[in-house]
Amino acid sequence: MPILHLHDCPSRPWKNGLGRTRELAVQPPGAGMDDFLWRVSVAEVDSAAPFSAFPGIDRTIVLLDGEGFSMALDDGRTHALTEPFAPFAFVGEAQVVVTLAGGPTRDFNLMVRRGRIRGRVEVWRGAADAVLRRHTVLLYCARGRLRLDEQVLEAGDAWLPAAPAPARLELAPQSVVLAVEAAPVD
């Protein structure tokens, strides 16, 4: 089964050059910023740099580590991304200004091309949550361990589903897994 390790993914500059990110997966494979259907990455936020704009993209962000930050969106909304593992969705064309709540943070990002893909991030915290859905495209072990048959994902590892699906999904106690769904729009 294809397991990806975050530490093996090269750190690259954000689209606007003001931060760093590690791309875990993109569909179609090898797609760039202008032609992906969905993209999953982990970003390092260590300054009050504005987010890159992604017109036509729907985004979901999840705080992984650190105290988080406040997001001021150009539509007048603000959102405190300070609770770990609480997904927040917003449109990619939004101008977002960040104010750090403390020191550096890491966040998980899902981007989907609006009108083509509908995406969401589901948070698994226990055995009852650990259900692969039809459009699950990636599992990210954010904390603890996830057993997939005989393989184990540790924190920072991701798994791309392949046929056949694992017969056993088992979360270790206090583990958190982010399950990414990307469904084609009808």
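Calculation criteria
Residues numbered from 1 in each chain as written. Predicted model: local features only at pLDDT ≥ 70, side-chain atom pairs only at ≥ 80, totals over all residues. Heavy atoms only, no water. Phe/Tyr/Trp six-rings, centres within 6.5 Å; stacked < 30°, edge-to-face > 60°. Buried < 20%, exposed > 50% of the residue type's maximum accessible area, 1.4 Å probe, protein only. Helix = DSSP H or I, 4+ residues; strand = E, 2+ residues; numbered from the N terminus. Pairing = 2+ DSSP bridges. Axes fitted to C-alpha atoms, helices over the stretch in contact; angles between N-to-C directions.

*Asks:* Teacher, can you tell me more about the packing of aromatic side chains here?
*Replies:* Aromatic rings in a pair are described by how distant their centres are and how their planes are angled relative to each other. This structure, assessed with the given rule, holds 4 aromatic pairs. On the numbers, 5.9 Å between centres and 20° between planes, the contact of phenylalanine 88 with phenylalanine 90 is stacked. Phenylalanine 90 matches phenylalanine 88 in its accessibility class, with the two residues each being buried. Summarising the aromatic geometry, the rings of phenylalanine 108 and tyrosine 140 are spaced 5.2 Å apart at their centres and angled 35° between planes, so their arrangement reads as tilted. You can see phenylalanine 108 sitting in strand S10 (residues 105–113) and its partner tyrosine 140 sitting in strand S12 (residues 136–143), a full 32 residues away along the chain. Residue classification places tyrosine 140 among the buried residues on the basis of a relative accessible area of 1%. Here the aromatic cluster, defined as three or more aromatic residues joined through ring pairs, consists of Phe51, Phe69, Phe88 and Phe90.

*Asks:* How should the sheet that holds strand S4 (residues 38–45) be read in this particular structure?
*Replies:* Whenever strands of a sheet pair, they do so through backbone hydrogen bonds, lying parallel or antiparallel. Taken together, the 6 strands give an open sheet; going across it, the order is S2-S3-S4-S10-S5-S8, and neighbouring strands pair in antiparallel fashion. Strands at the two margins of the open sheet, each flanked by one partner only, are strand S2 (11–13) and strand S8 (88–91). Across the sheet, the mean angle from the axis of one strand to that of its neighbour is 35°, orientation sign disregarded. Summarising the sheet, strand S5 (residues 57–65) and S8 pair through 4 bridges and their orientation is antiparallel. Residue pairing across strands places isoleucine 61 opposite phenylalanine 88, the latter belonging to S8.

*Asks:* Whenever I open this one, the environment of histidine 79 confuses me. Can you help?
*Replies:* Along the chain, the position of histidine 79 falls in strand S7 (residues 78–81). A sequence separation of 19 residues divides histidine 79 from valine 98, and the C-alpha atoms of the two residues are 9.8 Å apart.

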